[in-house]
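Notes for the structure review
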Amino acid sequence: MDVAGAGLLEIAAEYEAFRLGKEVDGATYREADAQWFRAILSGVVENQKTIDPVIRQALTEDWPLSRLDSTLRAMLRAGVFELMERKDVPVAVIVSEYVDIAKAFYEDEEPKLVNAVLDRVARRVRGEGRGRDAS
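Everything in this summary refers to the structure shown in the same document. These figures come from a predicted structure and were not determined experimentally.

**A few points about helix H2 (residues 34-58)**
Relative to the 36 Å expected for 25 residues at 1.5 Å per residue, H2 spans just 29 Å between its end C-alpha atoms, considerably shorter than the ideal helical length. Residue glutamine 48 marks the point of greatest curvature in H2, where the axis turns by about 80°.

**Re the environment of arginine 123**
If you trace the backbone, arginine 123 turns up in helix H5 (residues 110-126). Judged by its relative accessible area of 28%, arginine 123 is partly exposed. Sequence separation between arginine 123 and valine 91 is 32 residues; the distance between their C-alpha atoms is 9.4 Å.

**Quick word on the pattern of salt bridges**
With the rule as written, the count across this model stands at 4 salt bridges. Arginine 86 serves as the salt-bridge partner of aspartate 88, at 2.8 Å between the closest nitrogen and oxygen. The class of aspartate 88 is exposed, set by a relative accessible area of 54%. The partly exposed category is assigned to arginine 86, whose relative accessible area is 24%. A salt bridge links arginine 123 to aspartate 119; the shortest N-O distance between them is 3.0 Å. Of this pair, arginine 123 and aspartate 119 both sit in helix H5, separated by 4 residues, roughly a single helical turn. Owing to a relative accessible area of 15%, aspartate 119 belongs among the buried residues under this scheme.

About the thresholds
- Residues numbered from 1 in each chain as written.
- Predicted model: local features only at pLDDT ≥ 70, side-chain atom pairs only at ≥ 80, totals over all residues.
- Heavy atoms only, no water.
- Helix = DSSP H or I, 4+ residues; strand = E, 2+ residues; numbered from the N terminus.
- Expected span 1.5 Å × (residues − 1).
- Bend = angle between axes of the 7 residues up to and from the residue.
- Buried < 20%, exposed > 50% of the residue type's maximum accessible area, 1.4 Å probe, protein only.
- Salt bridge = Lys/Arg side-chain N within 4 Å of Asp/Glu carboxyl O.

As structure tokens, then:
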């Protein structure tokens, strides 16, 4: 949506029709629950003003949110939305899924960044992270 300047409904329809469960440029996208996908997209759009400050707090000072590319920002926003609003989904599942998504787009440090940011957010908003606390 950031890159294309398109609206929520248009992006959801495009992904459902041309990406979810389809082959694109030699890579096969996994099947996904379209209703869940739409709920995440709309939740991010509706709550972005709440989500972005949470992400900013979890980033280091030398990596402001504006420095991240739009794909990475979108992943973090969706992951943080799920951590904040989908208490029925375990933290480990959310973090693992978004790290896997990051690995599909990036090979370097970005998956580690997604893991670290979502873990910090989970500790703050749910009082739990993927790893064990030292206490």
